[in-house]
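Coordinate inspection notes
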Amino acid sequence: MNTRPPLLLAALATGVAACGHETPKKPLNIVYIMTDDHSFQTISAYGHPISKLAPTPHIDRLAKEGVLFRRAFVENSLSTPSRACLMTGLYSHQNGQRTLGKGIDTAKTFVSELLHDAGYQTAVTGKWHLQCRPKGFDFYYVLNDQGDYYNPAFKSPASGGKYIREEGYATTLITDHAVEFLETRDPDKPFGLFVHHKAPHRNWMPEGKYLNLYEDVEFPYPETFNDDYHTRCAAAASQEMTIAKDMTLLADLKTGGLIDAALQAAWQDTIAAWSAKGLNRRQIYEQLTPDGRSVWGWQQLTNRMTPEQLDAWTKAYYGRNKEFIEQQLQGEELTRWKYRQYLKDYLRCIKTIDDEVGRLVKYLEDHDLLKNTIIVYTSDQGFYMGEHGWFDKRFMYEESFRTPLIIRYPGNGALRGIENDALVQNIDYAPTFLDAAGIAKPESMTGASLLPLLEGKTPDGWREYLYYHYYEYPSVHQVRRQDGVRDARYKLIHFYGEGFGKDKGHDINCNELYDLQTDPNELHNLYGEQDFAEVSARLQKRLEQFRTDLKVDEY
Ligand code: SGN
Ligand code: CA
């Protein structure tokens, strides 16, 4: 792939990167674990009420032995753009990847290439989701697009460009391939391992052994579950990501099996009752999916499973579904039932993630690698766990703008069990890895290394404002385009652009301002209020500064 001399190996051999006892010797190994759509609300180290009932001990261990970032954010709350920020250390409009699908500017250097050129062995396993080859990686086992939970297909250097099906559960297989890399690497070289999990992405399919976990646990409802979007711009109400209307009973909540089964002998009574109301099969489906949009049945959900996997799945969901159909829930009761099912399946996926994080960290520990490895745990963005009545992400409101970030840094000088409040963003990851490798950051990279923060030394002039920009509209979930700024206390969001689809005729150019100290749930838009005119003007000015400095071309 690359023939330049491995510069850092020389440094490693002579030990020139060492600097006293406090700072670990560079180049450090890098293990970057990124889940897909993992909310900070469901990591117990973050202390949210949901997570207290579904703890994540292995992820929490990293927080106990490292630094937990309370103000970690993404620039564009969506998978592919977030991955492009990670790889390039650049904002979306700078790296080309503004939305899902095409976009990435492959002329941009990836951090993996810089590490590789400096003598690192590099690997990525799991969800890649960029429409270019895994540039700069010696070893890769990547999923096709979003990949599958059950028996997913992977492409690797050995597979000749083909995706090959493997038997097992995605989270476990992705970790297996990560371990395979660690086992086969050259132990004399530093390594950079990127483990990109598919879970807990929609449609939240748990592993067989956890299908009944949390079944009897009563999880709390978020305070904003019944948000009416009062005081907000039109975007908060016009999205299509509500649990009530947009989460489907068949694909998302796995009730399809009920209907198929109901058409079989054992369910004749139930079907007879529905038929007595004059409903045919199609109408029964529609009855269960009030928006009439979901066409996924049991078959589509389970067609990759082995007979044993299907058997466990069927046993777990049929009983629940029988009870559900008998209850014939409507309105608020139905929405609450949906939330409960969603949350439990999501948390079941997290349980396997936590186990597998534990397995990987144990491998590092057993092989005496913790002492010279930096371990990062994060997600490609945050996620709504029913806040504002939603699932999914995309908005600049906290639950999706924020992302979990926990870093365990080796060395005596590293902080342990400390929380950090600095404003950090996913464009900082590439500079952090380069710093850990002892490589100078290219001038073009916008972000900053987080390593000083891990030793309690926040650099002078650390950023006081973050820039956010979301572009994917019109698209699934119909979240309007927006950019904005946030400081330690306030947030200004600007929604903009032409309306499409059901928003046709509703072009938008609208601002929202929040005081996160007095209104952490972002329910009271203060934009235009006299008392906040000064704050508003300050943030507006900063937003315009970002747009000019960064050469932002739409807003
Ligand atoms: C799929 C999901 C959406 C999700 C996007 C992007 N629908 O389209 O709910 O917002 O992926 O997610 S699904 O029914 O196919 O699951 S991302 O994490 O890749 O950005
Ligand atoms: Ca994602």
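Structure shown above.
Keep in mind the model is a prediction, meaning the values are calculated, not measured.

Reading guide: rules and limits
Residue indices follow the written sequence of each chain, beginning from 1 at its first position. Labels are handed out in written order, letters beginning with A for the chains and numbers beginning with 1 for the ligands. Confidence filtering applies because this is a predicted model: local features only for residues at pLDDT of at least 70, side-chain atom pairs given and counted only at 80 or more, and all residues used for totals across whole chains, interfaces and linings. To obtain the side-chain values, all non-hydrogen atoms of the structure were included, while hydrogens and water were left out. By definition, two strands form a pair when at least two bridges between them are found by DSSP. Working definition: helices are DSSP H or I runs of at least four residues, strands are E runs of at least two. Numbering for both runs from the N terminus. The axes are straight lines fitted to the C-alpha atoms, using for helices just the contacting stretch, and the angles between their N-to-C directions are given from 0 to 180°. Here a residue-residue contact requires only that any non-hydrogen atoms of the pair lie within 4.5 Å. A 2.8 Å cut-off from the metal defines N, O and S donors, relaxed to 3.2 Å for Na, K and Ca; water is not in the atom list, so some sites may appear incomplete. In short, tetrahedral needs four donors with all angles between 85 and 135 degrees, square planar needs four and octahedral six donors with opposite donors over 155 degrees apart and all other angles between 65 and 115, and whatever is left is irregular. When a residue's accessible area, from a 1.4 Å probe over protein chains only, is under 20% of the maximum for its type it is buried; when over 50% it is exposed; and in between it is partly exposed. Grid spacing is 1 Å over the protein atoms alone, the probe is 1.4 Å, and a cavity is where that probe fits but cannot get out, while a pocket is an open set with protein on both sides within 12 Å along at least five of seven lines and lining residues have an atom within 4 Å of a point. Grid points are joined across faces, edges and corners, and a volume is the space filled by probe spheres set on the points. Gly is put with the polar residues, along with every residue not named as nonpolar or charged; the nonpolar set is Ala, Val, Leu, Ile, Met, Phe, Trp, Tyr, Cys and Pro, and the charged set is Asp, Glu, Lys and Arg. Segmentation of the chain into domains, including their bounds, is taken from an automatic or database domain assignment. We define a salt bridge as a contact between a side-chain nitrogen of Lys or Arg and a carboxyl oxygen of Asp or Glu at a distance within 4 Å. We call a residue near a molecule or strand as soon as one heavy atom of that residue lies within 4 Å of the molecule or strand. Any pair of N or O atoms that falls within 3.5 Å is considered a polar contact. Within protein, one atom must be able to donate a hydrogen and the other to accept it, and sequence-neighbouring residues count only if both atoms are side-chain atoms. Put simply, angles under 35 degrees are roughly parallel, angles over 145 are roughly antiparallel, angles from 65 to 115 are roughly perpendicular, and the rest are oblique. Take the number of residues in a helix, subtract one, and multiply by 1.5 Å to get its expected span.

The next subject is the sheet that holds strand S16 (residues 508-515). What the four strands build is an open sheet, ordered S13-S14-S15-S16; its pairing is antiparallel. Unpaired on one side and paired on the other, strand S13 (466-470) and S16 mark the two borders of the sheet. Within the sheet, the average angular offset between the axes of one strand and its neighbour, ignoring direction, is 15 degrees. As paired strands, S13 and strand S14 (residues 482-486) are joined by five bridges and run antiparallel to one another. Of the residues in S14, the one forming a bridge with Tyr470 is Gln482.

On to the sheet that holds strand S9 (residues 373-379), then. Taken in spatial order, the 10 strands line up as S7-S6-S5-S4-S8-S1-S9-S10-S2-S11 in an open sheet, and their pairing is mixed. The sheet terminates laterally at strand S7 (164-165) and strand S11 (418-420), the two strands that pair on one side only. Sheet topology places strand S2 (residues 67-69) next to strand S10 (residues 405-408); three bridges connect them, and they run antiparallel. Each bridged residue has a counterpart across the sheet, and for Phe69 the counterpart in S10 is Leu405. Lying on the sheet, helix H4 (residues 79-88) is in contact with strand S1 (29-35) and strand S8 (191-196); it crosses S8 at an angle near 175 degrees.

Before going further, it helps to spend a moment on the coordination of the calcium ion (ligand 2). Perfect tetrahedral coordination of a metal by four donors corresponds to 109.5 degrees between them, and perfect octahedral coordination by six donors corresponds to 90 or 180 degrees. At the metal site, the calcium ion (ligand 2) is ligated by Asp36 (OD), Asp37 (OD), Asp380 (OD), Asp380 (OD) and Gln381 (OE1), and these contacts range over 2.1 to 2.7 Å. Angles of 52 to 172 degrees at the metal separate the six donor atoms of the calcium ion (ligand 2), which places the site in the irregular class. Summarised as a motif, the one-chain spacing of the donors to the calcium ion (ligand 2) is D-D-x342-D-Q. Since its relative accessible area comes to 0%, Asp37 is described here as buried.

Time to look at the layout of surface pockets. For the second largest pocket, the calculated volume is near 590 Å³. Lining the second largest pocket are 25 residues, and of these Phe40, Glu399, Arg402, Pro520 and Asn521 lie nearest its centre. Contributing elements (two or more residues each) for the lining of the second largest pocket: helix H2 (49-52) and helix H15 (398-401). Partitioning the lining of the second largest pocket into residue classes produces 11 nonpolar, five polar and nine charged. Here the lining of the second largest pocket spans two domains, and each of domain 1 (7-12 + 26-203 + 345-457) and domain 3 (467-549) adds at least three residues to it.

Time to look at the side chain of His196. Mapped onto the fold, His196 is located in strand S8. Assessed through its relative accessible area of 1%, His196 is described here as buried.

We now examine the pairing of S14. With five of five residues buried, S14 is to be regarded as a mostly interior element. Pairing analysis gives five bridges linking S14 to strand S15 (residues 490-497), with the strands arranged antiparallel. Among the inter-strand pairings, Gln482 is bridged to a residue of S15, identified as Phe495. In this antiparallel pair of consecutive strands, S14 and S15, the connection spans three residues.

A full pass over the atoms with the stated rule returns 41 salt bridges. The partner of Arg359 in a salt bridge is Asp176, with the nearest N and O atoms 2.8 Å apart. Highlighted residues: Arg359 in helix H14 (residues 331-366) and Asp176 in helix H7 (residues 170-184), separated in sequence by 183 residues. The class of Asp176 is partly exposed, set by a relative accessible area of 33%. A salt bridge links Lys491 to Glu522, with the shortest nitrogen-to-oxygen separation between them at 2.6 Å. With Lys491 in strand S15 and Glu522 in the loop between S16 and helix H18 (533-549), the pair connects residues that are 31 residues apart, well separated along the chain. In this structure, Lys491 and Glu522 share a single accessibility class: buried. The structure contains a network of salt bridges with shared partners spanning Asp37, Asp392, Lys393, Arg394 and Glu472.

This part is about the site of ligand 1. Around ligand 1 sit 16 residues in total, of which Ser79, Gln146, Asp392, Arg394 and His477 are the nearest. Within the side chain of Asp37, one N or O atom sits 3.3 Å away from an oxygen atom of ligand 1. Here the shell around ligand 1 is composed, by residue class, of two nonpolar, six polar and eight charged.

This brings us to the packing of helix H13 (residues 307-327) against H14. Two elements in contact, H13 and H14, have axes whose closest approach is 12 Å; the angle formed by their N-to-C orientations is 170 degrees. With respect to each other, H13 and H14 are oriented roughly antiparallel. Along the contact surface, H13 presents Tyr317, Arg320, Phe324 and Gln327, while H14 presents Leu334, Trp337, Gln341, Asp345 and Arg348. Within the contact of H13 with H14, the residues separate by chemical class into four nonpolar, two polar and three charged.

A separate point is the packing of helix H3 (residues 57-64) against H14. The N-to-C vectors of H3 and H14 enclose an angle of 50 degrees; their axes lie 7 Å apart at closest approach. The orientation of H3 with respect to H14, classified from their angle, is oblique. Counting all contacts with H3, which are made through Pro57, His58, Ile59, Arg61 and Leu62, the residues of H14 involved are Ile353, Asp354, Asp355, Val357, Gly358, Val361 and Glu365.

Let us now look at unusual backbone geometry. With omega at 10 degrees, the peptide bond leading from Arg202 into Asn203 counts as cis. Locating Asn203 in the fold gives a position in the loop between S8 and helix H8 (234-238). With omega at 0 degrees, the peptide bond leading from Tyr473 into Pro474 counts as cis. If you trace the backbone, Pro474 turns up in the loop between S13 and S14. Although it is not a glycine, Thr231 adopts a positive phi angle of roughly 75 degrees. When you line up the elements, Thr231 lands in the loop between S8 and H8. One non-glycine residue, His388, adopts positive backbone phi at about 60 degrees. Its place among the elements puts His388 in the loop between S9 and H15.

Here H13 contains 21 residues, and its C-alpha end-to-end distance of 30 Å stays within 8% of the 30 Å for a straight helix at 1.5 Å per residue. Directly after H13, the chain includes Gln328, whose backbone phi takes a positive value near 45 degrees.

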